[in-house]
Every structure is written in C-alpha cells, then in structure tokens.
Amino acid sequence: MANQGNSDASSARKASITHVIFDMDGLLLDTEIFYTEVQEIILARYNKTFDWSLKAKMMGKKAIEAARVFVEETGISDSLTAEDFLVEREEMLQKMFPTSDLMPGSSRLIHHLHANGIPICVATGTHTRHFDLKTQRHGELFSLMHHIVRGDDPEVKQGKPSPDIFLAAANRFEGGPVDPQRILVFEDAPSGVLAAKNAGMSVVMVPDARLDSSYHEVADQVLSSLLDFNPADWGLPPFENSSTKLD
Ligand SMILES: O=P(O)(O)OC[C@H](O)CO
Ligand SMILES: [Mg+2]
C-alpha cells in the first residue's frame, strides 16, 4: 500500500495543495477498455493472449511508445511493426472512442473543484485527434478545465513516465509555473504515477482492480474509485453532501 501520509511533512504537503491535474484515459473517461479489447483481438491472431502485466507497461504512454512495448513484449515485432500495429488498431478505435463513458465520480469531482475556484486541468498522453473523438459527448465537462495538455503538444518531448506533460501543465496555470508541491495529480496508470512523482507532485492513484498492487507503492494515496476521494484529506474544499451528484 502506498504511503498513508501520517507524517508531519506529509500533512503539511497535503495542506498546501492549490491546483489539480487530471489524467484522462482510465481516470476521467472509461477508455482503457477500448485499448484492451483491440489489443486482445490483434494478439488472438498470433495465438497469444493480452494480460494485465503487459497492459500495465503500455497504459498512459504516447501511442507510438505503447505500440513499441506491445510488439516487442509479445514477440511479434518480426511480423508486425509498431507503426503497422497503430494503423491496424486505428479503424477499430475510431469507432469506439465516440462512445466513451465517464468514470464514476469524475463529473462530481470536476464540478465540485470548479465551483470552488480550484484551478483544474487535464494532462493526457493521448493525441489531439483521439482526444476530440473521446470527448465528443463530454464537451461541457472538459470546458471546465483551465487548459488541456495532450501527448502531441510540442512541450511534451517524451511521454509518461517523463515529467514533461505534468510540468507543461503546471506552466500553463494562471500565474504559472505553479510550484509542483502545490499540485495534486489524479492518475490510473503506473507510468502516469511515476511521471507525476518525477515532476515533484503529489499523486492520488485510482487503478483498475486488475493492476498488480505492486504498482500502488509510488502513489501518495490509492483509491478504488474517484467516488471515494475526500477533498478535505488534501486541504481542498469538502463536498457538501446535499448538493453533490454521485456520478
Ligand atoms: O491515460 P492518458 O490520458 O495519459 O492517455 C494515455 C493513452 O492514450 C491511453 O493509455
Ligand atoms: Mg490514464
């Protein structure tokens, strides 16, 4: 289990949070399921199965970086290049992305932080074309973000676990760059949790239950759902139970 945060230093750090950065795939949107499904289909052709130990190494990364992991770790790189893998999965993903659903608790938390004046943004490894498809049905929610940094942003030289994307996100808040110690990141992926820690930020991890628990160690807090997040734990304005929707 990750650091429970009972030390004085940890309490002081939690009390200093002023800004929040959200990951997107698998954290705000239930999109990781699409990647899993497509990768299972492609691997079945090679009589191989896709499992969560491989999933853990791919998720959160830029598309080409994840694709290289996929063909190399499965031993199919002689038959399928990373580039061809991306082309092949594209047609399937393009049909799936516009159906993306929100993860439980994401709408409630975003509306709550926005209503209370906490600056919020998104830092996603996904590139702009896919971002637009995934968020087609969620424009209102994403409009509450101060800014959105995508994987194809020129400032993001390397994907997660490099800190590039979170540092770019910190730079773009009003009056930025914001001190990383004041930033709380929400992530689902091992590479994303590492990226946030590499950027010097605090991280709440909301992993899929199938992810090996050894990946929880790096996070400052681990939750099974955004619905379980208590803003007051981090010095953020508490939920008012009467007026919050649990969705
Ligand atoms: O988890 P995100 O939002 O950084 O997205 C990364 C890839 O698009 C999917 O793993
Ligand atoms: Mg993610």
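Residues numbered from 1 in each chain as written. Chains lettered and ligands numbered in written order. Predicted model: local features only at pLDDT ≥ 70, side-chain atom pairs only at ≥ 80, totals over all residues. Heavy atoms only, no water.

## Focus on the coordination of the magnesium ion (ligand 2)
- Bound to the magnesium ion (ligand 2) are the protein donor atoms Asp23 (OD), Asp25 (O) and Asp188 (OD), situated 2.0 to 2.2 Å from the metal.
- If you list the donors of the magnesium ion (ligand 2) from N- to C-terminus, the spacing comes out as D-x1-D-x162-D. Of the two residues, Asp23 sits in the loop between β1 (19-22) and α2 (32-44) while Asp188 sits in the loop between β4 (183-187) and α10 (190-198), which places them 165 residues apart along the sequence.
- A relative accessible area of 3% places Asp188 in the buried class. (Donors = N, O, S within 2.8 Å, 3.2 Å for Na, K, Ca; no water. Helix = DSSP H or I, 4+ residues; strand = E, 2+ residues; numbered from the N terminus. Buried < 20%, exposed > 50% of the residue type's maximum accessible area, 1.4 Å probe, protein only.)

## Points about the pattern of salt bridges
- Applying the stated rule across the entire model yields 13 salt bridges.
- Among the ionic pairs, Asp23 bridges to Lys160, the shortest N-O distance being 2.8 Å. Placement of the pair is Asp23 in the loop between β1 and α2 and Lys160 in the loop between β3 (147-149) and α9 (164-171), with a sequence separation of 137 residues.
- Look at Asp23 and you get buried, because its relative accessible area is 3%.
- Residues Arg137 and Asp101 are paired through a salt bridge, measuring 2.7 Å at the closest nitrogen-oxygen approach. Of this pair, Arg137 sits in the loop between α7 (128-134) and α8 (139-142) while Asp101 sits in the loop between α5 (82-96) and α6 (106-115), and the two are 36 residues apart along the sequence.
- For Asp101, a relative accessible area of 43% gives the class partly exposed. (Salt bridge = Lys/Arg side-chain N within 4 Å of Asp/Glu carboxyl O.)

## Overview of the site of ligand 1
- Asp25, Glu32, Thr124, Gly125 and Lys160 are the nearest of the 13 residues found near ligand 1.
- Between ligand 1 and the protein, one listed contact pairs an oxygen atom with a backbone N or O atom of Met24 at 3.2 Å.
- In the model, an oxygen atom of ligand 1 is placed 2.7 Å from a nitrogen or oxygen of the Glu32 side chain.
- For ligand 1, whose accessible area on its own is 300 Å², the fraction buried by protein is 95%. (Near = heavy atom within 4 Å. Polar contact = N/O pair within 3.5 Å; in protein donor to acceptor, adjacent residues only side chain to side chain. Areas by Shrake-Rupley, 256 points an atom, 1.4 Å probe, with all protein chains shown as cover.)

## Thoughts on the side chain of His138
- With respect to the element layout, His138 can be found in the loop between α7 and α8.
- Look at His138 and you get buried, because its relative accessible area is 9%.
- Contacts of His138, omitting those with residues within four sequence positions, involve Leu29, Ser100, Asp101 and Leu102. (Contact = heavy atoms within 4.5 Å.)

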